[in-house]
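Commentary on secondary and tertiary structure
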Amino acid sequence: VINAGGVDVLASQLTSDVPSSRKEASWALSNIAAGTVDQIDALIKHPTIVRDVLANFTCAWPDVQKESVWTVANMIAGGSRQHFQILVEQHAAVESLCAIAAATTTLTSVVVALEAVENLLAAYEELKHEQGLAVNTLVTRLRSTVAFDQLASLAAHGNSDITVHARSIQEQYFAANKS
């Protein structure tokens, strides 16, 4: 798909007025994002994909939201440190993940978004140790945004699995990285 120029076609459908076109494009991109580092790189370096996938977190169609969350989560799960930094620093992906996790009623999307946030926090924790930093810079960043409150709100979610996961993230990263 990448070599045949199909990513451009899929990217063009991320802003379609037809819900099924957006959903299928997002689904296809999530499958590519579940591939190799080079495949993820092709998506992240595309001029509009990350922006439009993140914009679809707030669209009116839950199926599009769900597939968009999976796309970003897959980029994070299989991506490189450079990919993480691009997603966090250039696209504010972690804030978008916290927002969708706090706003959606689709439990799968909440869980997937929380796992992606946790993966990013873990990557930045490794970076903290490698660089001898006193604090996790992603934790510091999140503390200064509404994303921190959104994560905290998930600790009181109606689903006990989500509550436990959100509390675990708070305890592991935010209690240990007071800044």
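Calculation notes
Residues numbered from 1 in each chain as written. Predicted model: local features only at pLDDT ≥ 70, side-chain atom pairs only at ≥ 80, totals over all residues. Heavy atoms only, no water. Core = buried A, V, L, I, M, F, W, Y, C linked by side-chain atoms within 4.5 Å. Buried < 20%, exposed > 50% of the residue type's maximum accessible area, 1.4 Å probe, protein only. Helix = DSSP H or I, 4+ residues; strand = E, 2+ residues; numbered from the N terminus. Contact = heavy atoms within 4.5 Å. Axes fitted to C-alpha atoms, helices over the stretch in contact; angles between N-to-C directions. Parallel < 35°, antiparallel > 145°, perpendicular 65-115°, else oblique. Left-handed = near helix turned anticlockwise from the far one by under 90°. Nonpolar A, V, L, I, M, F, W, Y, C, P; charged D, E, K, R; others polar. Arc of directions from axis to C-beta.

Topic: the nonpolar core
Core analysis: the biggest nonpolar cluster contains 55 residues, and M75, L97 and L121 have the highest contact counts within it. Ranked by residue count, the leading element in this core is helix 8 (residues 107-131), at 11 residues. Leave out the neighbours within four places in its chain, and L97 touches F57, V72, I76, A113, A116, V117 and L120.

What about the packing of helix 5 (residues 62-78) against helix 7 (residues 93-103)?
Put simply, helix 5 and helix 7 touch, their axes get as near as 11 Å, and they point 140 degrees apart. One element, helix 5, and the other, helix 7, form an angle in the oblique class. Where helix 5 crosses over helix 7, the handedness of that crossing is left-handed. In contact with Q65, V69, V72 and I76 of helix 5, helix 7 contributes A93, L97 and I100. Its residues assigned to classes, the contact of helix 5 with helix 7 comprises 6 nonpolar, 1 polar and no charged.

Side note on the packing of helix 10 (residues 146-154) against helix 11 (residues 160-174)
Between helix 10 and helix 11, the shortest axis-to-axis distance is 7 Å and the interhelical angle comes to 130 degrees. Judged by the inter-axis angle, helix 10 sits oblique to helix 11. Residues F148, L151, A152 and L154 of helix 10 form the contact with helix 11, whose own contacting residues are I162, T163, A166, Q170 and F174. Its residues assigned to classes, the contact of helix 10 with helix 11 shows 7 nonpolar, 2 polar and no charged.

A look at the environment of V111
Within the element layout of this structure, V111 appears in helix 8. Look at V111 and you get partly exposed, because its relative accessible area is 30%. Between the C-alpha atom of V111 and that of C59, which follows or precedes it by 52 residues, the distance is 19 Å.

Some points on the environment of A155
Along the chain, A155 turns up in the loop between helix 10 and helix 11. With 10 residues separating them in the primary sequence, A155 and H165 have C-alpha atoms 7.7 Å apart. Setting aside chain neighbours within four positions, we find A155 in contact with T163, A166, R167 and Q170.

Things to note about helix 10
Turning to helix 10, its buried residues are A147, Q150, L151 and L154. For helix 10, the arc enclosing every buried residue in end-on projection is 100 degrees, short of the 170-degree limit, so these residues lie on one face. Where the residues of helix 10 are buried, they touch helix 7, helix 8, helix 9 (137-143) and helix 11.

Some remarks on helix 3 (residues 37-44)
For helix 3, the complete set of buried residues consists of I40, D41, L43 and I44. In a view along the axis of helix 3, the buried residues occupy a sector of 160 degrees, so they form one face of it. Next to the buried residues of helix 3 lie helix 1 (6-13), helix 2 (19-33), helix 4 (49-55), helix 5 and helix 6 (81-90).

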